[in-house]
Amino acid sequence: MTDMASTALLSIRGLSKSFGALKATDDVTLDLRPGEIHALIGPNGAGKSTLIGQVAGWIRPDAGRIELMGRDVTRLPVHRRARMGLGRSFQVSSLALPISARRNVMLAVQARLGSSFRFLRPVRTDRRLRDEADAALARVGLSGRADAQAAELSHGERRQLEVACALALKPSILLLDEPMAGLGPEGSAELTRFLADLKREAAILLVEHDMDAVFALADRVTVLVQGRVLMTGTGAEVRADPAVREAYLGEDG
Ligand SMILES: Nc1ncnc2c1ncn2[C@@H]1O[C@H](COP(=O)(O)OP(=O)(O)OP(=O)(O)O)[C@@H](O)[C@H]1O
Ligand SMILES: [Mg+2]
């Protein structure tokens, strides 16, 4: 084991994925260290979501290797990676819309607990799921909306609910793909504070276009352009880099 691989929670080595002739990710190497928020930024189409999909396990890499806590998971399915502590913010479409916000989170808790349930009686099971779900909803600031149907939630509230569902899985690593999208300035500021606090429990790989949030939160930033890593550095290093400014930050303000 190399020293980098042994200290990283998540180690990504030479990951590539092509769609036809398009190289969506091209030899991407990066690490997520314990206690770190590592932001992944880059222009639209740079390959950020593709990389997240490869790490989570729903996109199969053409080449490269992914290790979770030193273990090769490159060929493991999504649920096995999740059980190893890899959480992700759910896509909106994965929320079960006709049921309450609380019930959505309860389903996520249930998914985590899995078969340990058979030792509990149904009423106690339900109580436990409910308490955990309410705690997760409180943490993301959605307590007041626990009984609302997911379909009644605003776009921003659904993003908060996705994070609550991810939290319910008690991950040690969180993959978040644009959690600030559609939140508005106040919602973004609130989620920023929450993520700063959350990083004591889980290392976070954060894809985000909101640069205020990125530079406020990230311990390190990796810039992806056309599938390739342009650089990895601190926020200050990335902001000062001429190639980054040209490729991305200067782009459209
Ligand atoms: N399933 C797919 N089939 C074909 N092309 C795809 C597929 N998924 C992504 N792509 C292409 O791969 C490239 C990278 O897409 P990706 O969604 O990873 O970018 P991104 O960095 O997440 O962009 P954004 O900031 O807009 O979310 C884009 O050119 C996209 O059109
Ligand atoms: Mg994307």
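Everything below is about the structure printed above this text.
Now for a description of the structure that goes with this document.

Rules used in this analysis
Chains are numbered independently. Their residues run from 1 in the order of the written sequence. In the order they appear in the text, chains get letters beginning with A and ligands get numbers beginning with 1. At least 70 in pLDDT is required for a residue's local features to be given in this predicted model, at least 80 for side-chain atom pairs to be given and counted, and no such filter applies to totals for whole chains, interfaces and linings, which use all residues. Derived side-chain values reflect all non-hydrogen atoms in the structure, with water molecules and hydrogen atoms excluded from consideration. In what follows, salt bridge is the name for a side-chain nitrogen of Lys or Arg lying within 4 Å of a carboxyl oxygen of Asp or Glu. Secondary structure elements are defined from DSSP: runs of H or I of at least 4 residues count as helices, runs of E of at least 2 residues count as strands, and each element is numbered from the N terminus. Think of it in three bands: residues with accessible area under 20% of the maximum for their type are buried, residues over 50% are exposed, and the middle band is partly exposed, with areas taken using a 1.4 Å probe on protein chains only. When two rings of Phe, Tyr or Trp (its six-membered ring) have centres within 6.5 Å they constitute a pair, described as stacked for plane angles under 30 degrees, edge-to-face for angles over 60, and tilted for the intermediate range. For a lysine, the NZ atom is tested; for an arginine, the CZ atom; a charge sits over a ring if that atom is within 6 Å of the ring centre and within 35 degrees of the ring normal.

### With respect to the pattern of salt bridges
Okay, so step 1: All chains considered together, the criterion is met by 16 salt bridges.
Okay, so step 2: As a salt-bridge pair, E36 and R220 come within 2.5 Å of each other at their nearest N and O atoms. With E36 in the loop between strand 2 (22–32) and strand 3 (37–41) and R220 in strand 9 (residues 220–225), this pair connects stretches of sequence that are 184 residues apart.
Okay, so step 3: What makes E36 buried here is its relative accessible area of 4%.
Okay, so step 4: Residue classification places R220 among the buried positions, given a relative accessible area of 13%.
Okay, so step 5: The partner of E67 in a salt bridge is R65, and the shortest N-O contact between them spans 2.9 Å.
Okay, so step 6: A residue is classified by how much of its surface remains accessible, and E67, at 10% relative accessible area, is buried.

### Observations regarding the packing of aromatic side chains
The way to describe two aromatic rings as a pair is by their centre distance and the angle between their planes.
Okay, so step 1: For the coordinates displayed, the defined rule picks out 0 aromatic pairs.
Okay, so step 2: Sitting above the plane of the F215 ring, R239 keeps its charged end 4.2 Å from the centroid.

Purely geometric stuff here, so don't read any function into it on its own.
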